[in-house]
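Structural features, examined
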Amino acid sequence: MISIMSGWQHIFDHAPLQYYEQGKTLFRREDPVRSMYLVRSGAVALERPMKDGTALTLHVTDAGSALAEASLFAEIYHCDAVTRSNCQIAVMPRAKFHLALRDDPGAALSLIETHAREVQAQRARIEILRLRRVSDRLDAWLDLYGEPKKGEWIAIADKIGVSPPALYRELARRRG
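Report on the accompanying structure. Since the structure is predicted, the reported quantities are computational estimates derived from the model, not experimental observations.

1. Describing helix H2 (residues 105-130)
With 26 residues, H2 should reach 38 Å at 1.5 Å per residue; the first-to-last C-alpha distance of 38 Å fits that figure. Residues of H2 that are buried include every one of Ala-107, Ser-110, Leu-111, Thr-114, Glu-118, Ala-124 and Ile-128, and no others. Residues of H2 that are buried sit in contact with helix H1 (94-103) and helix H3 (134-145).

The structure is reproduced here in structure tokens:
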């Protein structure tokens, strides 16, 4: 998810903070949408419970990003929100968030920009994941984003949908 560290995060400046331990659920699928969330620290997974008892992770929201902001105009949540670590989360009533956006056109435009960038990133990721070979996925990622900083390669493996060992084998092959 794209971080919202600038344009509209200030909407949450006076929102109360709630603390959650790892493994806690903030909301469940089909709960009514009453609040908007900003993850201040930690990580929260949006998960869809499957019929076989497993959970499909749809997204992991990290510190500095909004959680389940796609629910802004929904009546119910379409997934569960489960903390992946201890978290500090700003919580604001949805109606108050709506009013803040209406009263601050700059924040509303920033929200639109954030989501436009997220759509672009997701479209690129989908196309990368459609590639069959690890080498092709890595090439596409590097063409779009350049080389990651030291220590961040493992995150790239997840983003291009390959195991860390498969990515490291490809990197070793390239160093050759």
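2. Notes on the nonpolar core
Core analysis: the largest hydrophobic core is formed by 17 residues, its most contacted members being Leu-26, Phe-27, Tyr-37, Val-44, Leu-67 and Ile-89. The dominant element in this core, judged by the number of residues it contributes, is strand E8 (residues 87-93), at 3 residues. Residues in contact with Ile-89, not counting those within four places in the same chain, are Pro-16, Leu-17, Gln-18, Tyr-20, Leu-26, Tyr-37, Leu-38, Val-39, Arg-40 and Val-44. Formed by 15 residues, the second largest nonpolar core is a distinct cluster that contains Ala-15, Leu-38, Ala-66 and Ala-100.

3. Points about the pattern of salt bridges
Under the defined criterion, the tally for this structure stands at 8 salt bridges. With its nearest N and O atoms 3.5 Å apart, the salt bridge here joins Arg-28 to Asp-80. In this pair, Arg-28 is assigned in the loop between strand E2 (25-27) and strand E3 (35-41) and Asp-80 in strand E7 (residues 80-83), connecting sequence segments 52 residues apart. For Arg-28, a relative accessible area of 46% puts it in the partly exposed group. Looking at Asp-80, the relative accessible area reads 8%, which means it is buried. Where Glu-127 meets Arg-130, a salt bridge forms, and the shortest distance between an N and an O atom there is 3.3 Å. Within this pair, Glu-127 and its partner Arg-130 are both found in helix H2, separated by 3 residues, close to a single helical turn. We classify Arg-130 as exposed; its relative accessible area is 61%. Where salt bridges share partners, they join Asp-139, Glu-170, Arg-173 and Arg-174 into one cluster.

Criteria and thresholds
Residues numbered from 1 in each chain as written. Predicted model: local features only at pLDDT ≥ 70, side-chain atom pairs only at ≥ 80, totals over all residues. Heavy atoms only, no water. Helix = DSSP H or I, 4+ residues; strand = E, 2+ residues; numbered from the N terminus. Expected span 1.5 Å × (residues − 1). Buried < 20%, exposed > 50% of the residue type's maximum accessible area, 1.4 Å probe, protein only. Contact = heavy atoms within 4.5 Å. Core = buried A, V, L, I, M, F, W, Y, C linked by side-chain atoms within 4.5 Å. Salt bridge = Lys/Arg side-chain N within 4 Å of Asp/Glu carboxyl O.

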